[in-house]
Structure formats: structure tokens, C-alpha cells
Amino acid sequence: MKTPSLKFLSRVLGTAPDPREQLRPLWHRVVELAREPSFYTDCKVADTVAGRFDLITAILCTVMVRIEASDMHTESALLAELFVEDMDGQLREFGVNDVVVGKRVGKLMSVLGGRLGAYRGALVDRDSDRLTGAVERNVTFVEGVEEDVCAAGVASKLMAFSQRLERYGDDELLKASGIW
């Protein structure tokens, strides 16, 4: 059996399969769901980099809460790594240099952790009011709208999504095979 440091080296050197690859379809589905037009048209989420990031993190947190409910903490961490990898690539596409990317990715991980904490309790407890409050604090909406009403719309969608996720077995969920 390899020690953890040897497992890491094997993965970095390309001698071992990347365990994140099994979760890549799920990550792609999270991003797809964050592009759902009704979030932007009906719920008035700002169709900006910030608004899209906010939806990705909200949907990712919903998926992570479901995964953690099955005690799959490793898979949840690997999904977070895919988030970081993708955000790193996005920052580089925006022309952010290497020195700044590391700092920004660290901040993004902190943001994800904070939002996961904000959404987790509300989703686990099925507390719509608390989820609405978390959405209102963590999602960027179009200027001039009633944010509490818009947040309630997003929270309703997230709660329904969370309930749908419970219907799928762990393998189906992790492979994103035919769900949603």
C-alpha cells in the first residue's frame, strides 16, 4: 500500500489515475445547471461573472451537502478540487498572472467553504427561510430588484434540487448518469 505522499507523487507524475476524473461529469453538470436561463430571467440573478460564480457555488454546495449526507467526504473534497481547477483556468483566461492566481484561488476556496457552511444547515434542516437568507447574502442579483423576493425564488429552486438529489443512488449521483 502506498503512503499518502507517494499517492500524491504518483498522481502528479502521471503514474496513477486521477481520482477526480470519475467526478468530472458531475462537475460539468453543476456548471450546466448554473447556466439554466430561468435563474437569470425569472429569479433575476445578475448575468455577470459574479452572478454566475454565485450560482455555481450555490449548486455545488447543494450537491456537496447531498454527497456528504452519504458520508462520501473524499468525493466531496475531490469535487471541490475540480471547482478550484476550473476557477484557476477561468482566472488565467481573464489574464490574471500566476502570482495573483494563487491568492485568488485561495480566496475562492475560502468563499466556497463559507457558502457551504451557510447553505448546509438550511438544506439539511429543510429550512426555506434560512436558505433564502443565505441566498440573499451570497448571490448577486440584478440592480433594482427586490432581492428578498429573488432570493426566495433561487432558494426554492435549490431546495427542490436538493430533494431531487435524494432520489438518486450514490453511484448515479457521482457519475451524473441521467440525473436532473
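Predicted model only: the values in this text are computed from it and were never measured.

Draft legend 1. A look at the overall build of the protein chain. Helix and strand counts for the protein chain stand at 9 helices and 0 strands. Starting at the N terminus and walking to the C terminus, you meet the elements of the protein chain as α-α-α-α-α-α-α-α-α. Across the 180 residues in the protein chain, those meeting the buried criterion constitute 42%. Across the protein chain, contacts joining residues at least 24 apart in sequence account for 63% of those joining residues at least 6 apart.

Draft legend 2. Broad picture of the nonpolar core. Counting 52 residues, the largest nonpolar core has Trp27, Leu79, Phe83 and Val135 as the members making the most contacts within it. Secondary-structure elements contributing two or more residues to this core are helix H2 (24–34), helix H3 (37–41), helix H4 (49–69), helix H5 (73–93), helix H6 (98–125), helix H7 (128–138), helix H8 (147–165) and helix H9 (170–175). Element by element, the count of residues in this core is highest for H4, at 11 residues. Contact partners of Val135, with chain neighbours within four places excluded, come to Tyr119, Phe141, Ala151, Val154, Ala155 and Leu158.

Draft legend 3. Representation of the environment of Asp127 in the model. Among the structural elements, Asp127 can be located in the loop between H6 and H7. Judged by relative accessible area, which is 27%, Asp127 ranks as partly exposed. Expressed as a C-alpha distance, the spacing of Asp127 and Ala155, which sit 28 residues apart in the sequence, is 9.9 Å. Apart from residues no more than four positions distant in its own chain, Asp127 is found in contact with Ala122 and Met159. From its side chain, Asp127 meets the backbone nitrogen of Asp129 in a polar contact 3.2 Å long. Of note is the side chain of Asp127, whose polar atom sits 3.0 Å from the backbone nitrogen of Arg130.

Draft legend 4. Examining the pattern of salt bridges more closely. Throughout the structure, instances matching the rule amount to 12 salt bridges. A salt bridge links Arg115 to Asp54; the nearest nitrogen and oxygen atoms lie 2.8 Å apart. Taken as a pair, Arg115 in helix H6 and Asp54 in helix H4 lie far apart in primary sequence, 61 residues in all. Of the two residues, Arg115 and Asp54, both sit in the buried class. Put simply, Asp170 and Arg66 hold a salt bridge, and the shortest N to O gap is 3.0 Å. Taken together, the residues span a long stretch of sequence, with Asp170 in helix H9 and Arg66 in helix H4 at a distance of 104 residues. Through salt bridges with shared partners, a single network forms among Asp18, Arg20, Glu21, Arg24, Glu81 and Glu85.

Draft legend 5. Seen up close, the packing of aromatic side chains. According to the stated counting rule, one finds 2 aromatic pairs in the structure shown. Seen in terms of ring centroids, Phe53 and Phe83 are 6.0 Å apart; in terms of plane orientation they differ by 40°. Their pairing is tilted. Here Phe83 lies in helix H5 and Phe53 lies in helix H4, a separation of 30 residues in the sequence. For the residue pair Phe53 and Phe83, the accessibility class agrees, reading buried in each case. In this structure an aromatic cluster arises from ring pairing among Trp27, Phe53 and Phe83.

Draft legend 6. A look at unusual backbone geometry. The backbone phi angle of Asp71 is positive, close to 60°, even though this residue is not glycine. Tracing the chain through its elements places Asp71 in the loop between H4 and H5. Overall, the relative accessible area of 61% leaves Asp71 in the exposed class. With phi around 55°, Arg126 is a residue other than glycine that occupies positive phi space. Mapped onto the fold, Arg126 is located in the loop between H6 and H7.

Calculation notes
Residues numbered from 1 in each chain as written. Predicted model: local features only at pLDDT ≥ 70, side-chain atom pairs only at ≥ 80, totals over all residues. Heavy atoms only, no water. Helix = DSSP H or I, 4+ residues; strand = E, 2+ residues; numbered from the N terminus. Buried < 20%, exposed > 50% of the residue type's maximum accessible area, 1.4 Å probe, protein only. Contact = heavy atoms within 4.5 Å. Core = buried A, V, L, I, M, F, W, Y, C linked by side-chain atoms within 4.5 Å. Polar contact = N/O pair within 3.5 Å; in protein donor to acceptor, adjacent residues only side chain to side chain. Salt bridge = Lys/Arg side-chain N within 4 Å of Asp/Glu carboxyl O. Phe/Tyr/Trp six-rings, centres within 6.5 Å; stacked < 30°, edge-to-face > 60°.

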